[in-house]
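# Chains, contacts and geometry: an overview
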Amino acid sequence: MLFKVDMQVNIPLDADPAVIEDIKREEKAYSQALQQAGKWRHIWRVAGQYANVSIFDVENAQELHDVLLGLPLYKFMEIKVEALCRHPSSIRDDDR
Ligand SMILES: O=C(O)C[C@H]1C=CC(=O)O1
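The shown structure was predicted, so the numbers you read here are calculated from the model rather than taken from an experiment. The residue numbers shown here count from 1 along each chain, following its written sequence. Only residues with pLDDT of at least 70 are given local features in this predicted model, and only at 80 or more are side-chain atom pairs given and counted; all residues enter the totals for whole chains, interfaces and linings. Excluding hydrogens and water, the side-chain values take into account all heavy atoms of the structure.

### What to know about the overall build of the protein chain
So the rule is basically this: Strands are runs of DSSP state E lasting at least two residues, helices are runs of H or I lasting at least four, and both sets are numbered from the N terminus onward. To sort residues, take the accessible area from a 1.4 Å probe on protein chains only and compare it with the maximum for the residue type: under 20% means buried, over 50% means exposed, and anything in between is partly exposed. Whether two residues are in contact is decided by their heavy atoms: any pair within 4.5 Å suffices. Only the protein chains shown count as cover for residues, and all accessible areas are computed by the Shrake-Rupley method using a 1.4 Å probe. Residues scored as positive are Lys and Arg, those scored as negative are Asp and Glu, and His as well as the terminal groups of each chain are ignored. Lysine's charge is taken at NZ, arginine's at CZ, aspartate's at CG and glutamate's at CD.
For the protein chain, the helix and strand inventory stands at 2 helices and 4 strands. Each helix (α) and strand (β) of the protein chain, taken in turn from the N terminus, gives the series β-α-β-β-α-β. Its C-alpha atoms give the protein chain principal-axis dimensions of about 50 × 25 × 20 Å. With 96 residues in all, the protein chain has 29% of them scored as buried. In the protein chain, 68% of the contacts between residues at least 6 apart in sequence involve partners at least 24 apart. Per element, the accessible surface of the protein chain, about 6,400 Å² overall, is 55% carbon and sulfur. Each charge class in the protein chain can be summarised by its mean position, and for the 12 positive and 16 negative side chains these summaries are 4 Å apart.

Right under this line is the structure:
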């Protein structure tokens, strides 16, 4: 199943910069492993915001839930999820 996920990151102003840098490093590794596995299919920065728009390709909503709760930055995020389905005009074979 494909899902569009909007992630807005809100780091508290009083957070320890060294701790945040560690979490961001973990986040990058976590994200890139999921991208390599084909689960996190696309990620784009939203221009001008500490936010991204992502497309996930997972088995079901439970898997997406588990992936999102595993994000190292999860506790600093506002997350919006929308389920996607194939558009009748799509020419892509991998849209489901
Ligand atoms: O920077 C972000 O958008 C937040 C998060 C999502 C993937 C990643 O590496 O960091």
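### Considerations on the pattern of salt bridges
The criterion, for reference: A side-chain nitrogen of Lys or Arg and a carboxyl oxygen of Asp or Glu constitute a salt bridge if their distance falls within 4 Å.
Evaluated as defined, the whole model comprises 6 salt bridges. For the salt bridge of glutamate 82 with lysine 4, the shortest nitrogen-to-oxygen distance reads 2.9 Å. Here glutamate 82 is found in strand 4 (residues 77-84), whereas its partner lysine 4 is found in strand 1 (residues 2-9), with 78 residues between them in sequence. Salt bridges sharing common partners tie together Lys4, Asp6 and Glu82.

### Details of the nonpolar core
Inclusion rule: Side-chain atoms within 4.5 Å are what join buried Ala, Val, Leu, Ile, Met, Phe, Trp, Tyr and Cys residues into a set we call a nonpolar core.
In terms of nonpolar packing, the biggest core is built from 17 residues, with Val5, Met7, Phe56, Leu64 and Leu68 touching the most fellow members. Within the residue set of this core, elements represented by two or more residues are strand 1, helix 1 (17-36) and helix 2 (61-69). Tallying contributions element by element places strand 1 first for this core, with 4 residues. If near-sequence neighbours (up to four positions away) are discounted, phenylalanine 56 is found in contact with Met1, Leu2, Phe3, Val5, Met7, Lys39, Trp40, Arg41, Leu64, Val67 and Leu68.

### Observations regarding the side chain of asparagine 52
Going by this rule: Here a polar contact is taken to be a pair of N or O atoms separated by no more than 3.5 Å, where protein atoms must pair a possible hydrogen donor with a possible acceptor and residues adjacent in sequence count only if both atoms sit in side chains.
One can find asparagine 52 in strand 3 (residues 51-57). A distance of 2.7 Å separates the side chain of asparagine 52 from the side chain of serine 54, its partner in a polar contact. Among residues more than four places away in sequence, those in contact with asparagine 52 are Val5, Asp6, Met7, Ile43, Trp44, Arg45 and Val46.

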